[in-house]
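# Structural features, examined
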Amino acid sequence: MSGATGCPPSRSPVPMKRILCLYLPHWPLQRLLVARPELESQAVVLHARDPRRGESVVTCCWRAWARGIRPGMSLAEAGALTRRTGASSTSGHGEPVVPQSSRGRRSSRQVGVGFQLHDPQADRRALEGLAQRCESFSPLVGLDHPQRAEGLWLDITGVTQRWGGELELAWQLAEMVHQQGYQGQLALADTLGAAWGLVRYGLGPDPSHEPPRPPGSFTASSQQNEGIRPTPQRIPPGKTRQA
């Protein structure tokens, strides 16, 4: 009597988990400048009250950075640096505050300094809105931190084929984010922790410790198994891509 051979049923291979992280350095500043483009000509300084240090600088644009202002600095010290440069400044309400020493002899080359109160709720709402736009790239999108989010993560497992591969998906995502007026960094890895670490610390110096760069470029890298592929490269949205 012949018996059936016990061959196990064939199974489709399980796709390897792939997570893409989008990091938007100096997010509060990026969000504010997109919402209020008239501030782009000023040296913008965002500040908030710290429980231990009082009013402190949260972040600032490159113009304020060039004046010596840094995140974590007290607002009083930032104001003193502004007075030293002789630049006029404005409060969060847009009212001009002109130092006594510069009244009547302000140079045409001077740029006003705009002190703006940080609005974490507005930051989160804008990031949640960006997350909704990213749902066209992945069915699973989340913020990278429950309170102080400066980026998003996307589970792109099994969805890259429709985009022509991981790098092409990254191109398209960078293009969409760039069209919203933002710039940042992208990284892919097999786990959320690896992608998060790679996008913040694996592409060079931490951008949060450097002056914000002008919008228009993205840095991207991909990590799989024990290697990084390809070498971290800058993706310039809006430029023609080579096949």
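Below you will find a few notes about this structure. Here, residues in each chain are numbered from 1, in the same order as that chain's written sequence. Given that the model is predicted, a residue must reach a pLDDT of at least 70 before its local features are reported, and side-chain atom pairs must reach 80 or more before they are shown or counted; all residues, however, enter totals for whole chains, interfaces and linings. Values reported for side chains reflect all heavy atoms of the structure, with hydrogen atoms and water molecules removed beforehand.

### Re the pattern of salt bridges
- Definition used for salt bridges: Asp or Glu carboxyl oxygen within 4 Å of a side-chain nitrogen of Lys or Arg. In total, this model carries nine salt bridges according to the counting rule given.
- When the shortest N-O distance is used, the salt bridge between Lys17 and Asp155 registers 2.8 Å. Residue Lys17 is found in the segment before strand 1 (19–23), and its partner Asp155 is found in strand 8 (residues 151–155); the two are separated by 138 residues along the sequence.
- Residues Arg18 and Asp190 are paired through a salt bridge, measuring 2.6 Å at the closest nitrogen-oxygen approach. Placement of Arg18 in the segment before strand 1 and of Asp190 in the loop between strand 9 (184–189) and helix 6 (192–201) is noted, with a sequence separation of 172 residues between them.
- The buried label goes to any residue with under 20% of its type's maximum accessible area, the exposed label to any with over 50%, and the partly exposed label to all in between, with areas taken from a 1.4 Å probe on protein chains only. Exposure remark for Arg18: the relative accessible area of 4% places this residue in the buried category.
- Here the salt bridges do not stand alone but share partners, grouping Arg18, Glu166 and Asp190 into one network. Under the DSSP-based scheme used, a helix requires at least four consecutive residues in state H or I and a strand at least two consecutive residues in state E, with every element numbered from the N terminus.

### Description of the packing of aromatic side chains
- Centre distance within 6.5 Å is the pairing criterion for rings of Phe, Tyr and Trp, where only the six-membered ring of Trp is used; planes under 30 degrees apart are then read as stacked, over 60 as edge-to-face, and the remainder as tilted. The final tally for this structure, using the stated rule, is three aromatic pairs.
- For the pair Trp196 and Tyr201, a centre-to-centre distance of 6.0 Å together with 70 degrees between the ring planes defines the contact as edge-to-face.

### A short note on the packing of helix 4 (residues 120–134) against helix 5 (residues 166–179)
- Lines fitted to C-alpha atoms define the axes, with helix axes restricted to the stretch in contact, and inter-axis angles between N-to-C directions lie between 0 and 180 degrees. Where helix 4 contacts helix 5, the two axes come as close as 11 Å, and the packing angle between them is 140 degrees. In terms of their interaxial angle, helix 4 and helix 5 are classed as oblique. In this structure, helix 4 meets helix 5 at a crossing whose hand is right-handed. Here helix 4 contributes Leu130, Arg133 and Cys134 to the contact with helix 5, which in turn contributes Leu173, Met176 and Val177.
- All residues other than Ala, Val, Leu, Ile, Met, Phe, Trp, Tyr, Cys, Pro, Asp, Glu, Lys and Arg, Gly among them, are scored as polar; the first ten of these are nonpolar and the last four charged. A class-by-class count of the residues in the contact of helix 4 with helix 5 yields five nonpolar, no polar and one charged. Throughout this description, any angle smaller than 35 degrees is read as roughly parallel, any larger than 145 degrees as roughly antiparallel, any in the 65 to 115 degree range as roughly perpendicular, and the remainder as oblique. Each crossing gets its hand from how the near helix is turned against the far one by less than a right angle, where anticlockwise is left-handed and clockwise is right-handed. By definition, residues are in contact when any of their heavy atoms lie within 4.5 Å.

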